[in-house]
Every structure is written in structure tokens, then in C-alpha cells.
Amino acid sequence: MQEIKITRTTHPKAKPDQNSLGFGKYFTDHMLRMDYTAGIGWHDPRIVPFANLELHPAAVVLHYGTEIFEGLKAYRRPDGKVQLFRPMENVRRMNNSARRMALPTMDEDLGLEALRAFVELEQDWVPSAPGTSLYLRPFVIATEPTLALHGISEAAYILIASPVASYFPDGLKPVDILIEDEDVRAVRGGTGEAKCGGNYAASTRAGDRAEDKGYSQVLWLDGVERKYVEEVGSMNVMFKIAGEVVTPKLTGSILPGITRKSAIELLASQGVTVSERLLSVDELIAAAEAGQLEEAWGIGTAAIISPIGGLAYRGKKYAIHGGEIGPFAQKLYDDLSGIQWGLKPDPFGWTFPVDQPAPDATGSEK
Ligand code: COI
């Protein structure tokens, strides 16, 4: 594997107050970068002081949005050590996103070692206050200076990190969600299952409109019929309806979330089957009207679990679990986040300490 060269900053920053981190406001002292050149592949992996990027004004990413990213977290365990959660899943998903966006894929070992080596260097930035972590944001951009639209021959992989608290300022306090039936986030055959910036750009307008009306986010419906529930805000979504735990199945326009997948596996180990199926908005509203919509929550890396306290659709509002977090979502949060922060045993082998070299790509992850 290629060696990752390290140039340390001569001006380390003061660390922010752990009690007012917010989400994505502060950045660590360094960043990791490597470059791709067709015919050579990925080269020159290096950790350098955090700095602005220099880009040619014609760089493809600036014109055609050729970009993919990932989100994962490093957690401070009670014994002071730092661990990642299923990082190989992120490496693999990033390669899948790269394939969709015609960006270069990366050797899995190199992708994993980049994450591990970077977090090992930035360990002091992993906060320890309850609910906090170091959010890692690897991304790939097409850097080639051309306005012609064709296969990518130059790209950059950059990894930055931000010490964060809860994604929503009120943490586990349930949020109110507006069901969006105008804008759509993605369509099958489009880029919905890739983690690319464009999906998030396309969802901003509806999110802003919902916020203006007093909601935290929108519930997305499918792009063809505007009938089936897909995601909530920037997360996957789950419901408990008359005892059944349901999540939209991965139809091609939904992000294959790693927290989603982990919840399904964790619940299966507890004897709870999550139904991955199509769920229409009509079924959801009928369940709410019949008092059978017991719980609902968003699920993703940034927020982990974000309970939904109320849904609004076509002028009507439906409270869920009296606007309080339900016991099922609370237990799922406790179990999942307990493994992530090392507060609970990890029988799945999902956690990955950063102070050991990355094992080969096939060995460490299930
Ligand atoms: C994540 O949950 O990690 C995401 O990528 C969503 C982003 C809007 C913070």
C-alpha cells in the first residue's frame, strides 16, 4: 500500500468548547489529500495542514457537479481510545457512488487506511462530552480543467473532519416533518442511491420551505408517482405501524444507509424483523388516522436516530407518540449509539479502533 506522507501544522488551533460544537462548524488542524490521474491511478496520499483549496475555474466539479462524499464518525470510548464504526462500509459505498458518477474508484485498503491514519493523527480532536464525536467527511471531486463533458481523467480525494454534537440542536427531541409532494429528491436510474452532492443540493429548496413553515425537514416521496415514502430530510426513515417495523426498501433512488443497515442487523439479532418494503403515503396517513402509527424516526450517520414527533400532509397534522420519543426508537438509539461510543459490547465486530494498522480489506468488516 502507498505510504501516507505527513506534514504537521506549525499552527495548531485552539479546540472549540465541547458544549457548543453544533454540527460542522469547526475543522481540525489537518486534511488528507490524494490525487487521481488517468493512467497512473490514485497517488501521493498525504496529510497536510488544513487550508483552502486551489482549483482551476474550469475544474469539472464547479460546472457539472461531479462530486461524491461520505459521512462517518470517530467516537471517544470510556477508556479514552478512539474508534470508527464500520468504516469499510463507507469505503465501499464511496466506490459505488464513484461508479455511478463516473469518478475513479479506490483500492479498499487505501480508502480504509486513509480514514484510520487521519483519525489517528487528529485523535486529540475527538471530543469526549456525551453525544459528541468527530465527523469525518471524505469527498472526491473532478478537478480536470475542461468545459468538455466526458470521462474524468483528474480528480482529488480530500478528507476533512469536524468535531460535532447532535445534528439537530435539540438532540433526541422529536422533530416535526412536512410530507413533500412537489419537489422530489431523486429518481430511479438517477443518482438517488449514490452519495453525491447534487442529491443534497436538489433537496435544499423543499427543506428551506418546510423550515419557513415551522418544520424541521421534509418526508420525501418517490419521484415517479409521488406515492411511496423514500427518505426524511437527509436520512433514511423507519416507522412502527401496528407493531410492524417498516423501512422503505432500497429501490434505487434511496441511499443505502449504513446506520439503516446496522439497525436492521441489530434488530434481527434481537428477534425483530424490519420489513423493507414499499410504503405508500396513503398507508402511512391511514395508519396515523387509525392511531396505528406508533413511532417514526429518521436514521443516519449524522443524527443516528432522529425521532419524528409529528407529520403534516395536505394541511392536516398528525402527532406521533404524543410528540415524544417512543420506547422502540429510544432503545434502538441506546443500543446503536452504545456500540458506537463503546458503552455497550460490540458482538458484531463493527467497531474499529484507530490505533492499529488497517487489516486487509476482506478481514475486518462484516
Ligand atoms: C450524514 O448523515 O452523515 C449525512 O451525510 C447527511 C449530511 C446532510 C450531514
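Computed from a prediction, not measured in an experiment: that's the story for all the values here. (Residues numbered from 1 in each chain as written. Predicted model: local features only at pLDDT ≥ 70, side-chain atom pairs only at ≥ 80, totals over all residues. Heavy atoms only, no water.)

A. Layout of the environment of Ile40. With respect to the element layout, Ile40 can be found in the loop between strand S2 (30-37) and strand S3 (41-49). When its relative accessible area of 60% is taken as the criterion, Ile40 is described as exposed. Separated by 138 residues in sequence, Ile40 and Leu178 have C-alpha atoms that sit 48 Å apart. (Helix = DSSP H or I, 4+ residues; strand = E, 2+ residues; numbered from the N terminus. Buried < 20%, exposed > 50% of the residue type's maximum accessible area, 1.4 Å probe, protein only.)

B. View of the layout of surface pockets. Within this model, the largest pocket holds a volume of roughly 640 Å³. In terms of lining residues, the largest pocket is bounded by 31 residues, among which Tyr167, Tyr200, Gly233, Ser234 and Met235 are the most central. Sorting the residues of the lining of the largest pocket by element identifies strand S7 (133-142), helix H4 (197-212), helix H5 (258-269) and strand S15 (293-300) as the ones contributing at least two each. Residue composition of the lining of the largest pocket, by class: twelve nonpolar, 13 polar and six charged. Counted as a void, the second largest pocket has a volume near 200 Å³. Forming the boundary of the second largest pocket are 14 residues, of which Glu89, Arg93, Asn96, Glu193 and Pro256 lie nearest the centre. (1 Å grid on protein atoms, 1.4 Å probe; cavity = no way out; pocket = protein on both sides within 12 Å on 5 of 7 lines; lining within 4 Å. Points joined across faces, edges and corners; volume = space filled by probe spheres on them. Nonpolar A, V, L, I, M, F, W, Y, C, P; charged D, E, K, R; others polar.)

C. Region of interest: the packing of aromatic side chains. Counted according to the given criterion, the structure contains eleven aromatic pairs. Summarising the aromatic geometry, the rings of Phe27 and Phe50 are spaced 5.7 Å apart at their centres and angled 20° between planes, so their arrangement reads as stacked. Note that Phe27 is positioned in the loop between strand S1 (5-6) and S2 and Phe50 in the loop between S3 and helix H1 (60-64), a separation of 23 residues in sequence. Classification of Phe50 as partly exposed rests on a relative accessible area of 31%. The ring centre of Phe50 lies 4.7 Å from the NZ or CZ of Lys13, which sits over that ring. Here the basic side chain of Lys15 rests over the ring of Trp125, its NZ or CZ set 4.6 Å away from the ring centre. (Phe/Tyr/Trp six-rings, centres within 6.5 Å; stacked < 30°, edge-to-face > 60°. Lys NZ or Arg CZ within 6 Å of the ring centre and 35° of its normal.)

D. A look at the nonpolar core. In terms of nonpolar packing, the biggest core is built from 41 residues, with Leu32, Trp42, Leu84, Leu103, Leu136 and Tyr157 touching the most fellow members. Residue assignment for this core shows that the elements contributing at least two residues are S2, S3, strand S5 (72-76), strand S6 (82-85), helix H2 (87-100), helix H3 (108-121), S7 and strand S8 (154-164). Each residue touching Leu103, except ones within four places of it in the same chain, is listed here: Thr66, Glu67, Ile68, Ala98, Val140, Ile141, Ala142, Ile152 and Ala155. Counting residues in hydrophobic clusters, the runner-up holds 27 residues, among them Phe239, Ala296, Tyr318 and Ile320. (Core = buried A, V, L, I, M, F, W, Y, C linked by side-chain atoms within 4.5 Å. Contact = heavy atoms within 4.5 Å.)

E. Broad picture of the site of the ligand. If you check the shell around the ligand, you find Phe23, Phe69, Tyr135, Arg137, Tyr167, Lys195, Ser234, Thr301 and Ala302 and nothing else. At 2.7 Å, a side-chain N or O of Tyr135 approaches an oxygen atom of the ligand. In isolation the ligand exposes 280 Å². Once the protein is present, 89% of that is buried. For the shell around the ligand, the per-class residue count stands at five nonpolar, two polar and two charged. (Near = heavy atom within 4 Å. Polar contact = N/O pair within 3.5 Å; in protein donor to acceptor, adjacent residues only side chain to side chain. Areas by Shrake-Rupley, 256 points an atom, 1.4 Å probe, with all protein chains shown as cover.)

F. Structural view of a nonpolar patch on the surface. A cluster of nonpolar side chains, namely Leu53, Leu55 and Leu62, defines an oily patch on the protein surface of about 240 Å² accessible area. Structurally, Leu55 can be placed in the loop between S3 and H1. Since its relative accessible area comes to 32%, Leu55 is described here as partly exposed. (Patch = residues over 30% accessible without salt bridge, like charges linked within 9 Å, V, L, I, M, F, W, Y side chains within 5 Å. Salt bridge = Lys/Arg side-chain N within 4 Å of Asp/Glu carboxyl O.)

G. Local environment of the pattern of salt bridges. Inspection of the entire model under this criterion finds 22 salt bridges. Close ionic contact of Arg314 with Asp181 constitutes a salt bridge, the shortest N to O distance being 3.2 Å. Residue Arg314 is located in the loop between strand S16 (304-313) and strand S17 (316-319), and its partner Asp181 is located in the loop between strand S9 (175-179) and H4; the two are separated by 133 residues in the primary sequence. Assessed through its relative accessible area of 64%, Arg314 is described here as exposed. The shortest N-O distance in the salt bridge between Arg185 and Glu231 comes to 3.2 Å. Of the two residues, Arg185 sits in the loop between S9 and H4 while Glu231 sits in strand S11 (residues 229-232), which places them 46 residues apart along the sequence. Judged by relative accessible area, Arg185 falls into the buried class, the value being 9%.

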